[in-house]
Amino acid sequence: MENRPKILIVDDEKMNLKLMASMLAPLQHEVLLANNGEDALNIVARENPDLILLDVMMPRLDGFTVCRMLKSDEATRLIPIIMVTALNQLEDRVQGLEAGADDFLTKPFHELELTTRVRSLLRVKQLNDQLHYAHKHINYITRHVEGLLGSFDPLSFKLETVNQELWQQLLGLKERAPEAVLTAAADAPVNWRGCFYRRQGGSIRAEAVAFSWPAGSPGAEVILAAREGVFANREDGKEEAVADFLVSRMPAGTGPWRNYAAYYNYPLLIAAFNYPCRVTAYELDVLRNFLTYSQFVQLVAGQIKSTEEAFHYTIKALARAAEVNDDDTGNHITRVGIFARELAQNLGCADYFCREIALAAQMHDVGKVHIHPDVLRKPGRLNAVEWRLMHQHPLYGTRILGDAPRLQMAREVALHHHEKWDGSGYPAGLKGEDISLAGRIVALADVYDALRNKRSYKPAFSHREACGIITAGDGRVLPGHFDPEVLMTFQRIAPRFADIYETLRD
Ligand SMILES: [Fe+2]
Ligand SMILES: [Fe+2]
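Residues numbered from 1 in each chain as written. Chains lettered and ligands numbered in written order. Predicted model: local features only at pLDDT ≥ 70, side-chain atom pairs only at ≥ 80, totals over all residues. Heavy atoms only, no water.

(A) Highlighting the sheet that holds strand β1 (residues 6-10). Here we have 5 strands laid out as an open sheet, ordered β2-β1-β3-β4-β5, and parallel in their pairing. Strands with a single pairing partner mark the edges of an open sheet, and in this sheet they are β2 (30-34) and β5 (103-106). Across this sheet, the average inter-strand angle for adjacent strands is 20°, counted without regard to direction. Here strand β3 (residues 51-55) pairs with strand β4 (residues 81-85) via 4 bridges, running parallel. Pairing of Leu54 across the sheet is with Met83, part of β4. Those strands touched by helix α4 (residues 90-99) are β4 and β5, and its axis lies near 150° from that of β5. Here helix α5 (residues 111-151) sits on the sheet in contact with β1, β3, β4 and β5, set at roughly 170° to β5. (Pairing = 2+ DSSP bridges. Helix = DSSP H or I, 4+ residues; strand = E, 2+ residues; numbered from the N terminus. Axes fitted to C-alpha atoms, helices over the stretch in contact; angles between N-to-C directions. Contact = heavy atoms within 4.5 Å.)

(B) Looking closely at the coordination of the iron ion (ligand 2). Looking at the iron ion (ligand 2), one finds its protein donor set to be His332 (NE2), His364 (NE2) and Asp446 (OD), positioned 2.2 to 2.3 Å from the metal centre. Spacing between the donor residues of the iron ion (ligand 2) along the chain follows H-x31-H-x81-D. A separation of 5.0 Å is found between the iron ion (ligand 2) and the iron ion (ligand 1). On the criterion of sequence distance, the pair formed by His332 in helix α10 (residues 332-346) and His364 in the loop between α11 (351-360) and α12 (373-376) is long-range, its members being 32 residues apart. (Donors = N, O, S within 2.8 Å, 3.2 Å for Na, K, Ca; no water.)

(C) Representation of the environment of Gly432 within the structure. Its location among the elements puts Gly432 in the loop between α15 (408-416) and α16 (437-452). Placed 50 residues apart in sequence, Gly432 and Phe482 show a C-alpha to C-alpha distance of 8.7 Å.

(D) Examining the coordination of the iron ion (ligand 1) more closely. Within the protein, Asp365 (OD), His393 (NE2), His417 (NE2) and His418 (NE2) serve as the donor atoms for the iron ion (ligand 1), at 1.9 to 2.3 Å. For the iron ion (ligand 1), the 4 donor atoms in the first shell make angles of 82 to 170° at the metal, a pattern classed as irregular. Written as a sequence motif, the donor residues of the iron ion (ligand 1) are D-x27-H-x23-H-H. (Tetrahedral: all angles 85-135°; square planar, octahedral: opposite > 155°, others 65-115°.)

(E) Expanded view of unusual backbone geometry. The step from Lys107 to Pro108 runs through a cis peptide bond, and the omega angle for that step is -5°. Looking at the element boundaries, Pro108 is found in the loop between β5 and α5. Note the cis peptide between Tyr426 and Pro427, where omega equals 5°. By the element assignment, Pro427 lies in the loop between α15 and α16.

(F) Highlighting the pairing of strand β7 (residues 191-200). In terms of strand pairing, strand β6 (residues 180-188) meets β7 through 8 bridges, oriented antiparallel. Note that in β7 the partner of Ala180 across the bridge is Arg198. Linkage of β6 to β7, two consecutive antiparallel strands, is achieved through a turn of 2 residues. Bridging between β7 and strand β8 (residues 203-212) involves 10 bridges; their strand directions are antiparallel. For Asn191, the partnering residue across the bridge sits in β8 and is Ser212. Linkage of β7 to β8, two consecutive antiparallel strands, is achieved through a turn of 2 residues, within which Gly201 is found at a positive phi near 60°.

Shown next as structure tokens:
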């Protein structure tokens, strides 16, 4: 179904209205009539006509005034106006041009003259509209991309969310928007899953759709041919079968569906139904852009995700390699990562910081690969020479971690995790906030876990004992070692530490 263009005729004489309407009848457009300026403005606001035939001489609001008002309003300025003048007077034309009229007709005029001008101005209006909507669509996509870039998190990226927002925008466009959009992807040659978005009242309804499309069923071979394609309306031969199949799989109670466009690039497919106008190459291009854009974002997110997973794996492997000769083994590094994240979250740190510290904390002792196993595993206390050697492991750690920006926090943690708030730590004896926040957090996480484990020089302490040592001190560990805010947070969430330790016990 194609929407017929709407033509508004404005004239204060009934006879003229009647005459012009009958002249336009063969064009089969929708004709609206107004016999004064005020009525004309009301009808324009309500009906949004595609063309206006406007009489100049009318009582109260004359044609020039109406024309000027419509042309200065953003919502109506693109509607072509033909001024109908009684006399072929130069002044009238000049005044009409100044008011923004697009064309003139001088009474009396011939039917052919009227229909020719109407046709040509309607064509201009159509092209203008297309340009206007193209601009609008580009704006929507750009704004969407900007929003996405601002909050893009490849690790929690969900294509459905991005798509839903996109379709909402496509369906939410007032003009030239379809009524429904189906997007589907094949996860096996015959199994399709997707979502059906439909405008309902003022909102967009989304419904999950699943269907099987076995070879041999109508349209399946077109899609299975695994080629890119587009089709529109109901005149494209074999692809009509694709549309018929899709329509038959739409949720019950929807439709009837017609005036559609579809774009597919196996295994992805998008179809839009019930455009208010005949589908043209322009609508197909918009669909293709939407689909290509969401495919692109998905691809980028997928690649970032797999790189990130490989990165995490490598970091863990490195951390494990470093603790091979240490007496901290098993899940020590994993637990320290989780304790650190808990502390960061409860300190109110940003999401990125919390996620990053869970990883960075696992690198705290990576420098120990350079310490001789005999020193690492020595039963009893270390002598002065051994201590000096041991005190080098934070520096070795930062050297191993290099200077990649992505490992900035891991370097801070490796370098600072033995620094103490009161300045009694190593390797630099830094004090207070000179120690990085990540370092201050991991220091407490590491001490708690070390206390819970049995070591060559000490037994394993219970949660209560470990908490007591951290908050009251035992001579070796003192509360002044820790950032007071981190310590307070630890006290507040200590039961969480006990739970995590139990869950990840070696
Ligand atoms: Fe260490
Ligand atoms: Fe440790």
